[in-house]
Amino acid sequence: TVGTLAPVTRSVFLHTKFGDGYKKFEKSKRDFLSCRAVALPDGNLLVAFQNGAAAIFCGDEPVWQGDIQYKGGGPADVAFAEGALWFCFPGAGAVVKYSLRHMREELRIGGGREAAFTRPQSIWCDGGTMMLCNTGARKVCEIDLKTFMVSDYAAFEEPVRQYLKIGAAEVVLLESGIYRL
């Protein structure tokens, strides 16, 4: 059975993305459509913008504010896994693990002289595995978060923008549309 399509109001969208403290975001002049948000285990919310500006909110009040950048560029996406924050940086071709406690870099995959990734754009974490959309290489990469081994998971004929896993269903967003793997 297919559900009914209905428009989503700004308030419903913001509440879904930011939780109960969404009203502060709704009143803000910032671009909260393109920012990335991730719920943290303590109930706080990390919000990161593509220019590198970031904040952790407890309800609608910031408890930390700073910049998350690597090689002068901001992150395209953020995820929380294995007790840490993971950011991907398209301009640097890197995925960087940040300590949640100290909000600083702990580990980097890629970003050196020989790039491990080409414009990584999106992260999905499930258990001890990270799925990274390696957009420039037109692949989804699988990263074991215990060993940090990187392997190709799926390849496409066009750039892959996002990977999601919902239950047993795997979905990718390509330039041409949304597809189930």
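Position labels on residues start from 1 in each chain and follow its written sequence. With pLDDT at 70 or above as the cut-off, local features in this predicted model cover only qualifying residues; side-chain atom pairs require 80 or more to be listed or tallied, and sums for whole chains, interfaces and linings still use all residues. With hydrogens and water set aside, each side-chain value is computed from the structure's full complement of heavy atoms.

## With respect to the overall build of the protein chain
Phase 1 of the analysis: Scanning the protein chain from terminus to terminus reveals two helices and 15 strands.
Phase 2 of the analysis: Throughout, radius of gyration means the C-alpha value; the globule benchmark is 2.2 Å times the number of residues raised to the power 0.38. In terms of overall dimensions, the protein chain is globule-like: its C-alpha atoms have a radius of gyration of 17 Å, near the 16 Å expected for 181 residues.
Phase 3 of the analysis: By its C-alpha atoms, the protein chain is 45 × 40 × 25 Å across when sized along the principal axes.
Phase 4 of the analysis: Burial classes: relative accessible area under 20% of the type maximum marks a residue as buried, over 50% as exposed, and values in between as partly exposed (1.4 Å probe, protein chains only). When burial is assessed residue by residue, the protein chain has 41% of its 181 residues classed as buried.
Phase 5 of the analysis: The long-range fraction of contacts in the protein chain, counting pairs at least 24 apart against all pairs at least 6 apart in sequence, stands at 28%.
Phase 6 of the analysis: One way to put it: in the protein chain the 21 positive side-chain charges average out to a point 4 Å from where the 20 negative ones average out. Working definition: helices are DSSP H or I runs of at least four residues, strands are E runs of at least two. Numbering for both runs from the N terminus. Note on definitions: a residue-residue contact is assigned when non-hydrogen atoms from the two residues lie within 4.5 Å. Charge assignment in this entry is limited to Lys and Arg as positive and Asp and Glu as negative, and neither His nor the chain termini are counted. For charged residues, the charge sits on one atom: NZ in Lys, CZ in Arg, CG in Asp, CD in Glu.

## Some words on the sheet that holds strand β3 (residues 53–58)
Strands pair in a sheet through their backbones, by hydrogen bonds, and they do so in one of two ways: parallel or antiparallel.
Phase 1 of the analysis: The pairing criterion for strands is at least two bridges between them, as found by DSSP. On the basis of which strands lie adjacent, the open sheet formed by four strands has the order β1-β2-β3-β4 and antiparallel pairing. For this open sheet the edge positions go to β1 (36–39) and β4 (61–67), each flanked by a neighbour on one side alone. Strand-to-strand twist of the sheet, defined as the mean angle between neighbouring strand axes without regard to direction, takes the value 20 degrees.
Phase 2 of the analysis: Taken together, the four bridges between β1 and strand β2 (residues 45–48) define a ladder with antiparallel strand orientation. Axis angles are defined between N-to-C directions and span 0 to 180 degrees, where every axis is a line fitted to C-alpha atoms and, for a helix, only to the segment in contact.

## Some points on the packing of aromatic side chains
Phase 1 of the analysis: Pairing of aromatic rings covers Phe, Tyr and Trp, the last through its six-membered ring, and needs centres within 6.5 Å; plane angles under 30 degrees mean stacked, over 60 mean edge-to-face, and all others mean tilted. This structure, assessed with the given rule, holds five aromatic pairs.
Phase 2 of the analysis: Consider the rings of Phe87 and Tyr98, whose centres lie 5.1 Å apart with planes at 75 degrees: the pair is edge-to-face. Here Phe87 is found in strand β6 (residues 84–89), whereas its partner Tyr98 is found in strand β7 (residues 94–99), with 11 residues between them in sequence.
Phase 3 of the analysis: By relative accessible area, which is 0% here, Phe87 ends up buried.
Phase 4 of the analysis: You can call Tyr98 buried: its relative accessible area is 7%.
Phase 5 of the analysis: Judged by centre distance (6.3 Å) and plane angle (85 degrees), the rings of Tyr153 and Tyr163 are edge-to-face. Of this pair, Tyr153 sits in strand β12 (residues 150–155) while Tyr163 sits in strand β13 (residues 160–166); the two residues are 10 residues apart in sequence, bridging distant segments of the chain.

## A word on the pattern of salt bridges
Phase 1 of the analysis: Here a salt bridge means any side-chain nitrogen of Lys or Arg lying within 4 Å of a carboxyl oxygen belonging to Asp or Glu. One pass over the structure, following the stated rule, counts six salt bridges.
Phase 2 of the analysis: Of the charged contacts, one joins Asp77 and Arg36 as a salt bridge, the two residues approaching to 3.5 Å between their closest N and O atoms. Of this pair, Asp77 sits in strand β5 (residues 77–81) while Arg36 sits in strand β1, and the two are 41 residues apart along the sequence.
Phase 3 of the analysis: What makes Arg36 partly exposed here is its relative accessible area of 27%.

## So, the side chain of Asp77
Phase 1 of the analysis: Asp77 sits in the buried class, given a relative accessible area of 7%.
Phase 2 of the analysis: A distance of 3.4 Å separates a polar atom in the side chain of Asp77 from a polar atom in the side chain of Ser122.
Phase 3 of the analysis: As used in this structure description, the phrase polar contact means that two N or O atoms lie within 3.5 Å; if the pair is within protein, one of them must be able to donate a hydrogen and the other to accept it, and residues adjacent in sequence are counted only when both atoms belong to side chains. Among the polar contacts made by the side chain of Asp77, one reaches the main-chain amide nitrogen of Ile123 at a distance of 2.8 Å.

## Side note on the side chain of Thr135
Phase 1 of the analysis: Along the chain, Thr135 turns up in the loop between β10 (129–134) and β11 (139–144).
Phase 2 of the analysis: Contacts of Thr135, omitting those with residues within four sequence positions, involve Thr118, Arg119, Pro120, Gln121, Pro159, Val160 and Arg161.

These figures come from the coordinates and say nothing about function on their own.
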